[in-house]
Amino acid sequence: MKQEFQVYTLVELCQLLTKSERSNVCVLLTRLIRLILTLPVSTATIERAFSAMKHVKTTLRNKMKDDLLGDCMRFYTERDFVKDIDINSIIDDFYVLKSRRAQLK
C-alpha cells in the first residue's frame, strides 16, 4: 500500500522525513532543507552586523585595525551586557598587571 504525504511547508517536509526515518536515505535533501530554513536567520544576523558597523565605524574611526574594529563591534552588539560591567574593576585589574608611567588611580 502506497502512503501519500501532503506537506505545505519545508518545515513540515523536514519533520516528516525525520519521523518516517527517510532522512537517513535522503541525506542531501534533508541537509538542503535545513540550510534553506536557517538562511533567513543567518541573513538577518549579517544585516544586523553591518548595521552595527555603520554606527561603530565612523569617519573618525575609519583607519582602525581589524582587531580593534571587532572588539568595538562586540561591545556595540552586546551593549546590554556591557552596561553591567564595572569600569573601576577593569581599571583595578590593569593597575595590578604592571607598573605604568601614568597612574590609573
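Preceding this section is the structure that the text describes.
The following refers to the structure shown.

Cut-offs applied
- Residues numbered from 1 in each chain as written.
- Predicted model: local features only at pLDDT ≥ 70, side-chain atom pairs only at ≥ 80, totals over all residues.
- Heavy atoms only, no water.
- Helix = DSSP H or I, 4+ residues; strand = E, 2+ residues; numbered from the N terminus.
- Buried < 20%, exposed > 50% of the residue type's maximum accessible area, 1.4 Å probe, protein only.
- Contact = heavy atoms within 4.5 Å.
- Areas by Shrake-Rupley, 256 points an atom, 1.4 Å probe, with all protein chains shown as cover.
- Patch = residues over 30% accessible without salt bridge, like charges linked within 9 Å, V, L, I, M, F, W, Y side chains within 5 Å.
- Salt bridge = Lys/Arg side-chain N within 4 Å of Asp/Glu carboxyl O.
- Phe/Tyr/Trp six-rings, centres within 6.5 Å; stacked < 30°, edge-to-face > 60°.
- Lys NZ or Arg CZ within 6 Å of the ring centre and 35° of its normal.
- Core = buried A, V, L, I, M, F, W, Y, C linked by side-chain atoms within 4.5 Å.

### Describing the overall build of the chain
Item 1. Check the secondary structure of the chain and you find 5 helices and 0 strands.
Item 2. Going from N to C terminus, the chain has its helices and strands arranged as α-α-α-α-α.
Item 3. Within the chain, the fraction of its 105 residues that count as buried is 10%.
Item 4. For the chain, restricting intrachain contacts to residue pairs at least 6 apart in sequence, the fraction spanning at least 24 positions comes to 16%.
Item 5. Of the roughly 9800 Å² of accessible surface on the chain, a fraction of 59% belongs to carbon and sulfur atoms.

### Describing a nonpolar patch on the surface
Item 1. On the surface, Leu10, Val11, Leu29, Leu32, Ile36 and Leu37 cluster together into a nonpolar patch covering about 450 Å² of accessible area.
Item 2. Of all the elements in the fold, those that place two or more residues in the nonpolar patch are helix H1 (10-19) and helix H2 (27-56).
Item 3. Among the elements that make up the nonpolar patch, the one with the highest residue count is H2 (4 residues).
Item 4. By secondary structure assignment, the location of Leu37 is in helix H2.

### Observations concerning the pattern of salt bridges
Item 1. For the structure shown, the criterion picks out 1 salt bridge.
Item 2. With its nearest N and O atoms 3.1 Å apart, the salt bridge here joins Asp71 to Arg74. Pair noted here: Asp71 and Arg74 are both in helix H3 (residues 66-77), with a separation of 3 residues, about one helical turn.
Item 3. Classification of Asp71 by relative accessible area gives partly exposed; the value is 36%.
Item 4. Given the relative accessible area of 52%, Arg74 is considered exposed.

### What to know about the packing of aromatic side chains
Item 1. Scanning the entire structure with this criterion turns up 0 aromatic pairs.
Item 2. Directly above the aromatic system of Tyr76 lies the positively charged group of Arg79, at a separation of 4.4 Å from the ring centroid.

### Digging into the nonpolar core
Item 1. With 5 residues, the main nonpolar core is built from Ala52, Val56, Met64, Leu69 and Met73.
Item 2. Going through the elements one at a time, H2 and H3 are the ones with two or more residues in this core.
Item 3. If near-sequence neighbours (up to four positions away) are discounted, Leu69 is found in contact with Val56, Lys57 and Met64.

### What to know about the environment of Lys54
Item 1. By the element assignment, Lys54 lies in helix H2.
Item 2. Overall, Lys54 belongs to the exposed group, its relative accessible area being 66%.
Item 3. With 19 residues separating them in the primary sequence, Lys54 and Met73 have C-alpha atoms 9.9 Å apart.

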